Amino acid sequence: MVKKTPHLKKDDKVKVLAGKDAGKIGKVLKVISKKERVLIENINIVKRHQRPSAKNRQGGIVESEAPIDWSNVMLMCNKCMKPVRISMKRLEDGKKVRSCSKCQEQIDA
């Protein structure tokens, strides 16, 4: 089985391509690379019914974000403000950085 490397990192701005929240833009909160999923701020909100307990005294319906597959999101370029594919470049000092494939702008600072 081939291990895929994530093209997204925490705090990246992404656009959702598929699903009930298609077209929305959000910030990546967490990347779950083993399951190839990402958790995005205010995207894919689900309601869970929670029973009152000793830790959380308040019961009721709790809303939280659920992870979505990382193939359903695209990274937003800071310069051209569009969802873009990523190309990897190696700098003079040997460091690998992500760059926009349209405008060649570096995404990693």
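The text that follows walks through the structure, step by step, so that each part is easy to find.

Cut-offs applied
Residues numbered from 1 in each chain as written. Predicted model: local features only at pLDDT ≥ 70, side-chain atom pairs only at ≥ 80, totals over all residues. Heavy atoms only, no water. Buried < 20%, exposed > 50% of the residue type's maximum accessible area, 1.4 Å probe, protein only. Helix = DSSP H or I, 4+ residues; strand = E, 2+ residues; numbered from the N terminus. Pairing = 2+ DSSP bridges. Contact = heavy atoms within 4.5 Å. Salt bridge = Lys/Arg side-chain N within 4 Å of Asp/Glu carboxyl O. Core = buried A, V, L, I, M, F, W, Y, C linked by side-chain atoms within 4.5 Å. Disulfide = S-S within 2.5 Å.

The side chains of a regular strand alternate, residue by residue, between the two faces of the sheet. Counting buried positions along strand 10 (residues 96-100) gives 4 out of 5 residues, so the element sits mostly inside the fold. Pairing of strand 9 (residues 86-90) with strand 10 involves 5 bridges; the strand directions are antiparallel. Within strand 10, the residue paired with Lys89 across the bridge is Val97.

This next bit is on the side chain of Ser99. By the element assignment, Ser99 lies in strand 10. Residue Ser99 is classed as buried on the basis of its relative accessible area of 0%. The contact partners of Ser99, leaving out residues within four places of it in the chain, are Arg85, Ile86, Ser87, Lys89, Gln104, Glu105, Gln106 and Ile107.

What follows concerns the pattern of salt bridges. Per the counting criterion, the structure on display carries 5 salt bridges. Ionic pairing is found between Asp12 and Arg98, a salt bridge with its closest N-O pair at 2.9 Å. With Asp12 in the segment before strand 1 (13-16) and Arg98 in strand 10, this pair connects stretches of sequence that are 86 residues apart. One exposure class covers both Asp12 and Arg98, and it is buried. Residue Lys47 pairs with Glu63 through a salt bridge whose shortest N-O separation is 3.8 Å. A residue pair is termed long-range when its members are at least 10 positions apart, and Lys47 in strand 4 (residues 45-50) and Glu63 in strand 5 (residues 60-65) qualify at 16 residues. According to the relative accessible area criterion, Lys47 is exposed, its value standing at 56%.

A few words on the nonpolar core. Core analysis: the largest hydrophobic core is formed by 12 residues, namely Leu8, Val14, Val16, Val28, Val38, Ile40, Ile43, Ile68, Trp70, Val73, Leu75 and Ile107. The set of elements that each furnish at least two residues to this core consists of strand 1, strand 3 (37-40) and strand 7 (73-76).

Quick look at the state of the cysteines now. Per the counting criterion, the structure on display carries 0 disulfides. Its sulfur unpaired, Cys77 is 3.4 Å from the next cysteine sulfur, which belongs to Cys80. Take Cys103: it sits in no disulfide, and the sulfur closest to it among the cysteines is that of Cys100, at 3.5 Å.

Taken by themselves, the reported measurements are silent on function.
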